[in-house]
2 protein chains.
Amino acid sequence: MTFSIFLPPIADHKNQQFQLVPALFWLSGMTCTDQNFVLKAGAQKYAAEKGIALICPDTSPRGKGVPSDPGGNWDFGHGAGFYINATEPPWNINYNMYGYVVEELPRYIFQHFPIDSDRVSIFGHSMGGHGALMIAFKNPGVFKSISAFAPLVSPIDCSLGSNAFKKYLGNDLNKWKQYDSCSLISEVSEKLPVLIDQGDQDEFLEDQLKTELLQSASERYSYSMNIRFQKGYDHSYFFISSFIEDHIKFHAGFLN
Amino acid sequence: MTFSIFLPPIADHKNQQFQLVPALFWLSGMTCTDQNFVLKAGAQKYAAEKGIALICPDTSPRGKGVPSDPGGNWDFGHGAGFYINATEPPWNINYNMYGYVVEELPRYIFQHFPIDSDRVSIFGHSMGGHGALMIAFKNPGVFKSISAFAPLVSPIDCSLGSNAFKKYLGNDLNKWKQYDSCSLISEVSEKLPVLIDQGDQDEFLEDQLKTELLQSASERYSYSMNIRFQKGYDHSYFFISSFIEDHIKFHAGFLN
């Protein structure tokens, strides 16, 4: 597994007096690696200013021994791990991104880098927005805040998510709901601050992302979220780079 | 030839009342296409704020019919046009980036986009920093300001430049000097404002970029330039994205 980490200048451990810094976990969308956000989002400048580390895992296991979509499609297998632990063969051997992001990666990070494990938040894009919401909802006490760009808010209620969940998890809808933000919201014990940006010209909005499902679920369960529609923006990293400053500052308000 | 253009919201020509905006020409470094700056520099946000268009040509001609380095090396041929008009066969047919950037591309841009041709500046990175300085020095009255990240200030005085110039231009040093900023500076009739940023950990600084040659040439000919060394920065686009706000604001001061 490959990941990227950005440490702000304040964490410079060449200096003997380095200090622990808070961290933001970034979860990317389908087809991305650990590099897309690093190269395209322009987040480092704001993370440096606010003294926050950025941790960017890959979006799936990869490599020769790791099975992927037989037809080479972009929406399943490599690049499309959906941040769940697969239960169906052959996927269950490698596709355990939930456990990787929730346990293995943080354990490794806290061991090797000057990160304050008590000050961690999570955010993501598209499939990674699903991951950020879902993982934070399922792990109370771990994160300080959640944000997402164009999140896929209910994987069980769109074709990209349901096609993948069927292969990774089989046909039991109850297993699917354990990884579905709009289902999990009814049981959330700790209502963290949430900021969501969604472009109104996003080509995936109507059929896949379905922001309105999260809006109505959050109203039904009195979970107040800041969900913003941004006029004229699409699903690209240009959208992310346009609002990344807002998101870093939002999280900094709870991490610092 | 491929190029990218970013128009700020103020130039939106879906609106009937669109207005002409100033423009910045960006020249990239070796191995780059028109996309590197667009995807990695994070310039659009600041260009949008200041109402400036960004125009990004490719760094060389490309395609099947265009000859390149026979060994496929990165430092000559495709991706390494050096912004000159080649005179030696077979390069003289296609490698005319100087004429393209100075004449053909601006003519096309001013014809098809709402750009104010009287408010144009130029900047670039590495080989593109050489291009920005050299082209502005040779074309008084065209640009309002010049800036560069890690410019290759004297192609005739480094191996990357001299190897390429020998193939593109032959052995006549007088022809080389026509494209060399440190040689041209003695004849500059219009001393435009210049901002240069150079990382002091840049792996190409000592052998190729040689910022000190421009420092001494500018002193010799009393051309005052703002040449800044930035501690800890390398040659990458992370360096560019760290200071792009400064550069856009610098140019905006002369364009708006």
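Residues numbered from 1 in each chain as written. Chains lettered and ligands numbered in written order. Predicted model: local features only at pLDDT ≥ 70, side-chain atom pairs only at ≥ 80, totals over all residues. Heavy atoms only, no water.

Undergrad: Mind showing me how you'd approach the environment of Gly129(B) here?
TA: All names here are of chain B. Locating glycine 129 in the fold gives a position in helix α4 (residues 127-138). For glycine 129, a relative accessible area of 0% translates into the label buried. Separated by 30 residues in sequence, glycine 129 and glycine 99 have C-alpha atoms that sit 17 Å apart. Beyond its immediate chain neighbours, meaning those up to four positions away, glycine 129 contacts Leu27, Gly124, Ala148 and Pro151. (Helix = DSSP H or I, 4+ residues; strand = E, 2+ residues; numbered from the N terminus. Buried < 20%, exposed > 50% of the residue type's maximum accessible area, 1.4 Å probe, protein only. Contact = heavy atoms within 4.5 Å.)

Undergrad: Please clarify how the side chain of Asp202(A) should be interpreted in this entry.
TA: Residue placement: Asp202(A) occurs in the loop between β6 (194-199) and α9 (205-209). Look past the residues within four positions of Asp202(A) in its chain and what remains in contact with it is Ala150(A), Leu209(A), Tyr233(A), Asp234(A) and His235(A).

Undergrad: Mind showing me how you'd approach the interface of chain B and chain A here?
TA: Often the size quoted for an interface is simply the accessible area lost on bringing the parts together. Each side of the interface is counted separately: chain B has eight residues, and chain A has eight residues. Buried area between chain B and chain A, summed over both chains or domains, comes out near 820 Å², and the portion from carbon and sulfur atoms is 53%. On the chain B side of the interface with chain A, the three residues burying the most area are Leu39(B), Lys45(B) and Phe238(B), jointly 56% of the side's total. Here chain B is connected to chain A by two salt bridges. (Buried area = accessible area lost by both parts, 1.4 Å probe. Salt bridge = Lys/Arg side-chain N within 4 Å of Asp/Glu carboxyl O.)

Undergrad: Help me out: how do you make sense of the pairing of strand β2 (residues 21-27) of chain A in this one?
TA: Residues and elements named next belong to chain A. The buried count for β2 comes to seven of seven residues, which makes it a mostly enclosed element. As paired elements, β2 and strand β4 (residues 115-125) share six bridges and run parallel to each other. Along β4, the bridge assignment pairs leucine 27 with glycine 124. (Pairing = 2+ DSSP bridges.)

Undergrad: Is there a simple way to think about the layout of surface pockets in this case?
TA: Over the atoms rolls a probe the size of a water molecule, and its path tells where empty space is left. Considering only enclosed or pocket space, the second largest pocket measures out at about 390 Å³ in volume. Forming the walls of the second largest pocket are 25 residues, and the residues nearest its centre are Met30(A), His125(A), His235(A), Ser236(A) and Tyr237(A). Residue assignment for the lining of the second largest pocket shows that the elements contributing at least two residues are α1 (36-40), α9 and α11 (237-255) of chain A together with α1 (36-40) of chain B. Take the lining of the second largest pocket: its biggest share by element is three residues, from α11(A). When its residues are assigned to classes, the lining of the second largest pocket shows 11 nonpolar, 11 polar and three charged. (1 Å grid on protein atoms, 1.4 Å probe; cavity = no way out; pocket = protein on both sides within 12 Å on 5 of 7 lines; lining within 4 Å. Points joined across faces, edges and corners; volume = space filled by probe spheres on them. Nonpolar A, V, L, I, M, F, W, Y, C, P; charged D, E, K, R; others polar.)

Undergrad: When you look at the pattern of salt bridges in this model, what are you seeing that I'm missing?
TA: In a structure, side chains of opposite charge can pair up when their charged atoms sit close to one another. According to the stated counting rule, one finds 16 salt bridges over all chains in the structure shown. Ionic pairing is found between Lys45(A) and Glu245(B), a salt bridge with its closest N-O pair at 2.2 Å. Here Glu245(B) lies in helix α10 (residues 237-255) and Lys45(A) lies in helix α2 (residues 44-50), a pairing that spans two chains. One salt-bridge network, in which partners are shared between bridges, spans Lys45(A), Glu245(B) and Lys249(B).

Undergrad: Got a minute to help me understand the packing of helix α4 (residues 97-112) of chain A against helix α5 (residues 127-138) of chain A in this structure?
TA: Helix packing for two helices is described by the angle between their axes and how far apart those axes are. Residues and elements named next belong to chain A. Direction vectors running N to C along α4 and α5 enclose 60 degrees, while the axes themselves pass 12 Å from each other. Compared by their axis directions, α4 and α5 come out oblique. When you trace α4 past α5, the crossing you get is right-handed. Here Tyr98, Val101 and Val102 of α4 lie close against α5, whose contacting residues are Met134, Ile135 and Lys138. Residues of the contact of α4 with α5, tallied by class, amount to five nonpolar, no polar and one charged. (Axes fitted to C-alpha atoms, helices over the stretch in contact; angles between N-to-C directions. Parallel < 35°, antiparallel > 145°, perpendicular 65-115°, else oblique. Left-handed = near helix turned anticlockwise from the far one by under 90°.)

Undergrad: How should I be thinking about the packing of aromatic side chains in this particular structure?
TA: The geometry of an aromatic ring pair is captured by the separation of the ring centres together with the interplanar angle, meaning the angle of the planes. Residues and elements named next belong to chain B. As enumerated under the stated definition, the model contains 41 aromatic pairs over all chains in all. Taking 5.9 Å as the distance between ring centres and 55 degrees as the angle between the ring planes, the aromatic pair formed by tryptophan 26 and phenylalanine 149 counts as tilted. Residue tryptophan 26 is found in strand β2 (residues 21-27), and its partner phenylalanine 149 is found in strand β5 (residues 146-149); the two are separated by 123 residues along the sequence. Considered together, tryptophan 26 and phenylalanine 149 belong to a single accessibility category, that of buried residues. With a centroid separation of 5.8 Å and an interplanar angle of 80 degrees, the aromatic rings of phenylalanine 82 and phenylalanine 165 are classed as edge-to-face. Of this pair, phenylalanine 82 sits in the loop between β3 (53-57) and α3 (97-112) while phenylalanine 165 sits in helix α5 (residues 159-169), and the two are 83 residues apart along the sequence. (Phe/Tyr/Trp six-rings, centres within 6.5 Å; stacked < 30°, edge-to-face > 60°.)

Undergrad: What should I look at first to understand the relation of the copies chain B and chain A in this one?
TA: Here the second copy of the chain follows from the first by a rotation about an axis and a shift along it. Laying chain B over chain A is done by rotating through 180 degrees and shifting 0.0 Å along the axis; what remains is an RMSD of 0.0 Å. Both chain copies can therefore be described as sitting about a two-fold axis. Relative to the rotation axis, the C-alpha of Lys40(B) is the closest in chain B, positioned 2.6 Å from it. Both copies present the same face, since 100% of the interface residues in chain B are matched by interface residues at the equivalent positions in chain A. (Least-squares fit on C-alpha atoms with pLDDT ≥ 70 in both.)

Undergrad: Any chance you could explain empty space enclosed by the protein here in plain terms?
TA: Residues and elements named next belong to chain B. Applying the stated rule across the entire model yields one cavity of 30 Å³ or more. One number sums up the size of the largest cavity: a volume of about 40 Å³. Forming the boundary of the largest cavity are Ala136, Phe137, Pro140, Ile146, Val188, Glu190, Leu192 and Tyr223. Of the residues in the lining of the largest cavity, the class split is seven nonpolar, no polar and one charged.

Undergrad: In this structure, what is going on with the nonpolar core? I would like to understand it.
TA: Proteins that are soluble and globular tend to have nonpolar side chains buried together. Judged by nonpolar contacts, the single largest core of 166 residues is most densely connected at Phe37(A), Ile146(A), Tyr168(A), Phe37(B), Ile146(B) and Tyr168(B). Contacts of Ile146(B), omitting those with residues within four sequence positions, involve Ile122(B), Ala132(B), Leu133(B), Ala136(B), Phe137(B), Leu192(B), Pro193(B), Val194(B), Leu195(B), Tyr223(B), Phe250(B) and His251(B). (Core = buried A, V, L, I, M, F, W, Y, C linked by side-chain atoms within 4.5 Å.)

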